[in-house]
Amino acid sequence: MEHFSPAWTALRTAVAELPDEDFARPSGCAGWLVRDLVCHLVIDAQDVLITLVTPAGTEPTANAATYWNLLDRPPTGDDPLDALIPRLAAAYGEPRWLMFHLDDVGSAAGRAAALADPEARVGTQDMVLTVGDYLTAYVLEWTLHHLDLIAHLPSAADPPAESMAAARALLERIADAPFPASFSDKDALLIGTGRRAPTGEERATLGALGTRLPFILG
């Protein structure tokens, strides 16, 4: 849980520091502009708030790794919910209103996470997890979306090193295999989730793991 707040704070800070013109640039998510990704983050923050106040009285059925589904193809932006996001984002008009909503709901989600009992059980998406596992899963979500946010913004700051290390560790649990030690945490996340293709040298270093890539998380 100690990685949730730094990852989320860094991502919200990165959004807050964007000039208005950057909201119209492409993000690292297929079919989404930066503004669309920020709108998705608002919905993510709402999901965190909803889940943290949805107690479950049964044993956990998932953990931070099994929370994620592995998809057989990357999203294209054509899924009905994915396609709805650009329309919602456009409805905000000026970027300042979108930033205001993210700051408002995002701050509340951060406070709720900090106050939550890590051993408590919560329900989401027909799963039961401990709060600690749920928030750990979101470290991967925040870190990958931070990388998506800055994918075409070369002057923007990377996610915190500690967040990328924690996200890589969780991705390796999902993969049930380590990425090569020669890979930086950022490269392991980008290559491992299909956000960039490995070079020939990197693919050779990956060995058998390379045949299983990418891990498309849903």
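Residues numbered from 1 in each chain as written. Predicted model: local features only at pLDDT ≥ 70, side-chain atom pairs only at ≥ 80, totals over all residues. Heavy atoms only, no water.

Asker: Outline the packing of aromatic side chains, supporting the account with residue identities and numerical values.
Answerer: By the definition in use, this model includes six aromatic pairs. Here the aromatic rings of Tyr138 and Trp142 are separated by 4.9 Å at their centres, their planes lie at 55°, and the arrangement is tilted. Of this pair, Tyr138 and Trp142 are both found in helix H5 (residues 131-149), four residues apart, which corresponds to roughly one turn of the helix. Each member of the pair, Tyr138 as well as Trp142, carries the same accessibility label: buried. (Phe/Tyr/Trp six-rings, centres within 6.5 Å; stacked < 30°, edge-to-face > 60°. Helix = DSSP H or I, 4+ residues; strand = E, 2+ residues; numbered from the N terminus. Buried < 20%, exposed > 50% of the residue type's maximum accessible area, 1.4 Å probe, protein only.)

Asker: Provide a residue-level description of a nonpolar patch on the surface, including the pertinent values.
Answerer: On the surface, a cluster of nonpolar side chains totalling about 240 Å² of accessible area is made up of Leu81, Leu84 and Leu88. Looking at the element boundaries, Leu88 is found in helix H3 (residues 80-91). (Patch = residues over 30% accessible without salt bridge, like charges linked within 9 Å, V, L, I, M, F, W, Y side chains within 5 Å. Areas by Shrake-Rupley, 256 points an atom, 1.4 Å probe, with all protein chains shown as cover. Salt bridge = Lys/Arg side-chain N within 4 Å of Asp/Glu carboxyl O.)

Asker: Let's hear about the environment of Pro55: which residues, and what values?
Answerer: In this structure, Pro55 sits in the loop between helix H2 (34-52) and strand S1 (70-71). For the pair Pro55 and Asp133, spaced 78 residues apart in the sequence, the C-alpha separation amounts to 14 Å. Contacts of Pro55, omitting those with residues within four sequence positions, involve Arg121 and Val122. (Contact = heavy atoms within 4.5 Å.)

Asker: Just give me the short version of the pairing of strand S2 (residues 121-124), but keep the residues and values in it.
Answerer: Pairing between S2 and strand S3 (residues 127-130): four bridges, direction antiparallel. Counted as the bridge partner of Arg121 is Thr130 from S3. (Pairing = 2+ DSSP bridges.)

Asker: Report on the pairing of S3, specifying residues and quantitative values.
Answerer: Along any regular strand, the residues point their side chains to alternate faces of the sheet. Going residue by residue along S3, you find Met127 and Leu129 tucked away on one face and Val128 and Thr130 tucked away on the opposite face as well. Taking the residues that link successive antiparallel strands as the turn, the S2-S3 hairpin has two residues, and the phi of Gln125 there is positive, at about 50°.

Asker: Could you give an account of the layout of surface pockets, with specific residues and numbers?
Answerer: A volume near 1100 Å³ is recorded for the largest pocket. Lining of the largest pocket is provided by 37 residues; of these, His40, Asp82, His145, Leu217 and Gly218 occupy positions nearest its centre. Counting only elements with at least two residues in the lining of the largest pocket, the list comes to H2, H3, H5 and strand S4 (216-217). For the lining of the largest pocket, the class distribution of residues is 18 nonpolar, eleven polar and eight charged. Roughly 230 Å³ of volume is contained in the second largest pocket. For the second largest pocket, the lining is made up of 17 residues, of which Ala14, Glu17, Ser155, Ala156 and Ala157 are closest to its centre. Looking at which element gives the most residues to the lining of the second largest pocket, the answer is helix H1 (residues 4-16), with three residues. (1 Å grid on protein atoms, 1.4 Å probe; cavity = no way out; pocket = protein on both sides within 12 Å on 5 of 7 lines; lining within 4 Å. Points joined across faces, edges and corners; volume = space filled by probe spheres on them. Nonpolar A, V, L, I, M, F, W, Y, C, P; charged D, E, K, R; others polar.)

Asker: Quick rundown of the side chain of His40? Include the residues and the values.
Answerer: Within the secondary structure, His40 is located in helix H2. Only 3.4 Å separates the side chain of His40 from the side chain of Glu141, close enough to count as a polar contact. Residues within four places of His40 in sequence aside, it is in contact with Trp32, Ile85, Glu141 and His145. (Polar contact = N/O pair within 3.5 Å; in protein donor to acceptor, adjacent residues only side chain to side chain.)

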